[in-house]
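Take a look at the letters that make up each chain.
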Amino acid sequence: MPTDDMKRILVTGAVGQIGSELTMELRKKYGNDNVIATGHKTKPSSRLLDSGPFEFIDITKKETVERIVKKYDVDTIYNMAAILSAVGEEKPMLCWNVNINGLYNILEIAREYEMTRVFIPSSIAVFGPNTPKENTPQDTVLKPTTMYGLTKVAGELLGDYYFRRFNLDVRGIRYPGIISSETPPGGGTTDYAVEMFYEAIRKKKYVCFVKKDTVLPMMYMPDCIKATIDLMEADISKLQHHCDFNIASMSFSAEELADEIKKHIPDFRCEYKPDFRQAIADSWPRSIDDSAARKEWGWEPRYDLSSMTKDMLGKLRKRHEMGEI
Ligand code: SER
């Protein structure tokens, strides 16, 4: 089985929205001590610290990563460290440095240490205003207008290059907006969907930074984690794509999400005051064709808008009662 050769796993960005939950799932699956969580500056949660090794690194400084790779004899990397779309527009050079130079360091280390496998996340942000917006095909126009998007296009190409040129097994998914109840996202455009849930629980009102008819592809965290691990465990002989898999689960407008939340919290109120993130959202697809992922590694989502909303509100309500949020 392909999993047998992934023994020592390094997760970068392990304090982030996806990395924090991915690390816990990988620890459950491969053993706590075999999954090394790493972060940059943000203090890790006690859950992350108490369950296994944690180290600080900076992926833009190659030697800081290399030190940890040697120390733990790492053979697999999930590179979840990134600057997201909204921060990327405010700090384009930082976004380039982390998402391109940082990624380059990760791939170089993986090549030098002859690693088994590397995961590099991509995003629906690789698409741009000229890409078909409905049921966006797997192989289509990649002309994004954000710095984040262009770093993700280059990242996909670089990963595929390492596979062809150096036979390094690099894999990646184009994540849609990810909705989760554990660690809030930071600096993305799809963050409004997560914030709406938190504010519905905390204040029963939310001022949304995109227009109510803005539709984007979204996914619930359990599906995101499942997709990530399933792709990493897929039989390589079945993969025709490597670093650029479209995956889809649900698409809804901001207003449809507010209406779904109202089914559980009838006095929830949402206002819409679009800011600079509206233009980013408008440049992205509304729905995604994920037939390649379904065919090549059996991708299938489990949650829809209604089951996700029920689960999210249940989890956040509990955290609110415990004074955590
Ligand atoms: N969720 C990300 C963002 O909004 C897109 O990959 O930036």
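Our structure is the block above this text.
This structure is a prediction, so every number in the text was calculated from the model and none was measured.

> Explanation requested: the site of the ligand in the structure shown.
Taken together, the residues surrounding the ligand are Leu 84, Ser 85, Ser 123, Tyr 148, Gly 188, Thr 189, Thr 190 and Trp 284. At 2.6 Å, a side-chain N or O of Ser 123 approaches an oxygen atom of the ligand. For the ligand, an oxygen atom lies 3.0 Å from a polar atom in the side chain of Tyr 148. The fraction of the free accessible surface of the ligand (240 Å²) that becomes covered by protein chains is 93%. Of the residues that constitute the shell around the ligand, the class distribution is three nonpolar, five polar and no charged.

> Looking at this structure, I do not really get the sheet that holds strand β12 (residues 245-246). What am I missing?
To summarise the sheet geometry, strands pair through backbone hydrogen bonds and adopt either a parallel or an antiparallel arrangement. Taken together, three strands build an open sheet; the order of strands is β6-β8-β12 and the sheet is parallel. In the strand order of this sheet, the two ends are held by β6 (122-123) and β12, each with one partner. Two elements, β6 and strand β8 (residues 173-175), share two bridges in a ladder whose sense is parallel. The residue bridging Ser 122 from the neighbouring strand is Arg 174, located in β8.

> Help me understand unusual backbone geometry in this model?
When glycine is set aside, most residues are seen to have a negative phi, and most peptide bonds are trans. Positive phi outside glycine occurs at Asp 73, with the angle close to 55°. Tracing the sequence through the fold places Asp 73 in the loop between α3 (62-72) and β4 (76-79). Accessibility expressed as a relative area gives 58% for Asp 73, which makes it exposed. The phi torsion at Glu 114 lies on the positive side, around 50°, for a residue other than glycine. Turning to its location among the elements, Glu 114 is positioned in the loop between α5 (92-112) and β5 (117-119).

Rules behind the numbers
- The numbering scheme is per chain: residues are counted from 1 as the chain's sequence reads.
- Where totals are concerned, whole chains, interfaces and linings use all residues; where local detail is concerned, this predicted model gives features only for residues with pLDDT of at least 70, and gives and counts side-chain atom pairs only at 80 or more.
- With hydrogens and water set aside, each side-chain value is computed from the structure's full complement of heavy atoms.
- Distances are taken per atom, and a residue is near a molecule or strand as soon as one of its heavy atoms is within 4 Å of it.
- Each polar contact in these results corresponds to two N or O atoms within 3.5 Å; when the atoms are within protein, one needs to be able to donate a hydrogen and the other to accept it, and residues that are neighboring in sequence are counted only if both atoms are side-chain atoms.
- Areas reported here follow the Shrake-Rupley algorithm with a probe of radius 1.4 Å; residue values treat only the protein chains shown as occluding.
- The residue classification treats Ala, Val, Leu, Ile, Met, Phe, Trp, Tyr, Cys and Pro as nonpolar and Asp, Glu, Lys and Arg as charged. All others, Gly included, are polar.
- Note: two strands are recorded as paired if DSSP finds a minimum of 2 bridges between them.
- Strands are runs of DSSP state E lasting at least two residues, helices are runs of H or I lasting at least four, and both sets are numbered from the N terminus onward.
- Partly exposed residues are those whose accessible area sits between 20% and 50% of the maximum for their type, while under 20% is buried and over 50% is exposed, using a 1.4 Å probe and protein chains only.

Any functional reading would require information beyond the geometric quantities listed.
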